[in-house]
Amino acid sequence: MGYSKPIDSSADVSQLWDKSVDVLKSRLDPQIFAAWIKPLALGRFQVTEAKQSARSSTAEAEVLAPNKFCLDHVERNYGKLITSAISDVTGRENLVLHFRVGDCVVQKKVRSTSEELKLKPRIDIAKKSQSPLNRTSTPRVATVGRVAHDQTNLNPKYNFSNFVIGACNQFAHAVSLRVDENLGSNYNPLFLYGGVGLGKTHLANAIGNAAYRRGKNIMLVSSELFVNELISALRSNRMDRFKSKFRSLDLLIVDDIQFIIGKERTQEEFFHTFNDLYQRHKQIVITSDKLPQELVGLEERLRTRFASGISADLQAPDFETRVAILIKKAEGAGITLPPAVAELLAERILTNVRELEGALNRLQAQSALHKIPISNDLAEDVLKACAPFRTVEITPELIQKLVAERFNVSINDLIGKRRTQNIAFARHVAMHICRRLTGCSYPEIGALFGGRDHSTVIHANRVIDERRKSDSNINSSVEELIRKLKQP
Ligand code: ADP
Ligand code: MG
C-alpha cells in the first residue's frame, strides 16, 4: 500500500493521518488507543526526494500532542509504532518522526474556553527540590495483611474499560492510567477534581481495581469514613491499629476530600498518614469538587501537599460523549437502547452523567413494567417525569426569539434573506436547535425560516454539529441556549 501523491495540502495530511490512525487502532488495545493516540494530530508531513530513487528519499512527519505529559508518554511508548503505521500508509521507509505540543482537537477545546485557568489541564509535577517533603527518609511501618477486596471499599463496577473517553476527560483518564502503571512514582498525589457526577469516583475506583488485580494493597475511603474510623480508633484507644492499617497501603484513595474541611483533628491525622505514605513512595489519589487552591478552610500544609503532585480536571461531557456513555451503560446493563433514544436523552440531560444514567435506568424500569420496548415516546414520558424542565413547550418561535437575542439580530433577520456572517450563523444555530429540541422535520423547519428548502436546514444542522465539535466556545454557547430554553 503506497501513498503516491506528494503530501502538500492540509487535506492530504489529515487524510494520511486518518489512515495511519486506522492502522494504529487495529494494532493497539482500545483503551490505549483512546487514551493516547486519539488525542494526537499530524501537523506536517514532508518528503525530501533523493535524485536516484524514492527508496533513498527521506520523509519527516510532525506529530502533535495536546500537552507535554501526553507527548512524553507517547513518544517514549508508541513512537516506533506510530512511525511504522505512517510508513505503512505512505510506503516511505526512511521516516523521521518529530513530536511537538500543538493544536490537536483536545487542546483547541481547552484553549478556546473562556475560563482557561479553570479548565486547563494542569501538569504540576512536583520537582524533588521544591517538594514540600523530603522523600529520602523511609520510615518503617508495622505491616498488616493485604486488605481483602470487600474491605477495600472499591466498587468493582467502575473500571477503565467502561469509562468513556471524550475531550472532557481525556487528560484525567490518561493521567489515571499512567498513575496506575507507576504507583507512587512521579505523579503523586493524583488530584482529580470536577463537578458532581462527572466520573471522579469512577476513575479513582478504576485505578484501585486495576491495582488490586495486580496484588496491591489498597483502600478507598470517603472523608466521612476516614473521620469515622478515626473517631472509633480514638474512642477505643486503638490509634496504633488505625495508623498501621492506613500506612501499610500501596494505594490510598480518598474520595471527596472536600468534606474533610472544618474537621481539624481529621486533617491533622490525614496529614500524618499522607506524609507517611508519600515518603515511602506509596500512591495517594484524591478526588475533590474543587482544586486544592479553592478549598477554603483546608489547612495550608495539606493544600500544599495536594497541589504538589498532578491535578486533572473532569468537565461536563459533550453531546457525542453523552451518547457514547449512554450506549456503554446500556450495553453493560443488557438494555436495548435505540441510538435515537440515546440522542434524545443526551439532548435533554446536559451536564451530569449520573442524571443521564438515572434517566436510562428509569427508562429501563418503565419498559420492563409495561412490557414495551424502549422508544422515543417512552423516553419523552420518562424525561417529563424526571426532569424539572419542559414545563413550557419549546416551540420554534421561542427558539428564534432566544437565538435572536443571544446573537443580537432580529427575528426578521433569522427568517429573512440577509446572509451576513453573523446572521447566517445565528440562523444556522436556530435551525440546529429546532432540529434538536422540537419534533419538527427538516421541511417544517425550512418553512418556519422564510420558506427555505429542507436541504438548507440539513446543511445548517450539519455545519453547527461540526462547529460544536471543533470549537468549545461555540459548543458552550449552544448548550447555554439549550439550557435556557429548558428552564421551567
Ligand atoms: P463524581 O464522583 O464525579 O461525582 P461518578 O464517578 O460517581 O461522579 O460518576 C457518576 C456516574 O456517571 C457513575 O455511574 C459513572 O460510572 C458515570 N460516569 C461518569 N463519567 C463517565 C464516563 N466518562 N464513562 C462512563 N461512565 C461515566
Ligand atoms: Mg464521587
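Conventions adopted
- Residues numbered from 1 in each chain as written.
- Chains lettered and ligands numbered in written order.
- Predicted model: local features only at pLDDT ≥ 70, side-chain atom pairs only at ≥ 80, totals over all residues.
- Heavy atoms only, no water.
- Pairing = 2+ DSSP bridges.
- Helix = DSSP H or I, 4+ residues; strand = E, 2+ residues; numbered from the N terminus.
- Axes fitted to C-alpha atoms, helices over the stretch in contact; angles between N-to-C directions.
- Contact = heavy atoms within 4.5 Å.
- Buried < 20%, exposed > 50% of the residue type's maximum accessible area, 1.4 Å probe, protein only.
- Right-handed = clockwise from strand over helix to strand, strands pointing away.
- Near = heavy atom within 4 Å.
- Polar contact = N/O pair within 3.5 Å; in protein donor to acceptor, adjacent residues only side chain to side chain.
- Areas by Shrake-Rupley, 256 points an atom, 1.4 Å probe, with all protein chains shown as cover.
- Nonpolar A, V, L, I, M, F, W, Y, C, P; charged D, E, K, R; others polar.

Trainee: I would appreciate a short explanation of the sheet that holds strand S3 (residues 95-101) in the present structure.
Mentor: Sheets are built from strands that pair by backbone hydrogen bonding, the pairs being arranged parallel or antiparallel. With mixed pairing, three strands are arranged side by side in an open sheet as S1-S2-S3. Lying at the two open borders of the sheet, with one neighbouring strand each, are strand S1 (41-48) and S3. For this sheet, the mean inter-axis angle between neighbouring strands, taken without regard to orientation, is 15°. In this fold helix H3 (residues 68-90) packs onto S1, strand S2 (58-65) and S3, with an angle of close to 145° to the strand it touches most, S3.

Trainee: Please explain the pairing of S2 as it appears in this structure.
Mentor: Note on strand geometry: in a regular strand, side chains alternate between the two faces of the sheet. Burial runs high along S2: six of the eight residues are buried. Pairing analysis gives seven bridges linking S1 to S2, with the strands arranged antiparallel. Bridge assignment links Val-47 to a residue of S2, and that residue is Ala-59. When S2 meets S3, the two strands line up parallel, connected through seven bridges. By the bridge assignment for S3, Leu-64 is matched with Arg-100. Handedness of the crossover joining S2 and S3 through H3: right-handed.

Trainee: Mind showing me how you'd approach the site of ligand 1 here?
Mentor: Close contacts around ligand 1 come from 18 residues, with Gly-197, Thr-201, His-202, Lys-329 and Glu-357 the closest. Interatomic distance of 3.1 Å between a backbone N/O atom of Gly-199 and an oxygen atom of ligand 1. At 2.8 Å from an oxygen atom of ligand 1 is found a side-chain nitrogen or oxygen belonging to Lys-200. Its free accessible area being 560 Å², ligand 1 has 95% of it covered by the protein chains. For the shell around ligand 1, the elements supplying multiple residues, two or more each, are helix H8 (200-213), helix H13 (319-333) and helix H15 (353-369). Grouping the amino acids of the shell around ligand 1 by side-chain chemistry returns seven nonpolar, seven polar and four charged.

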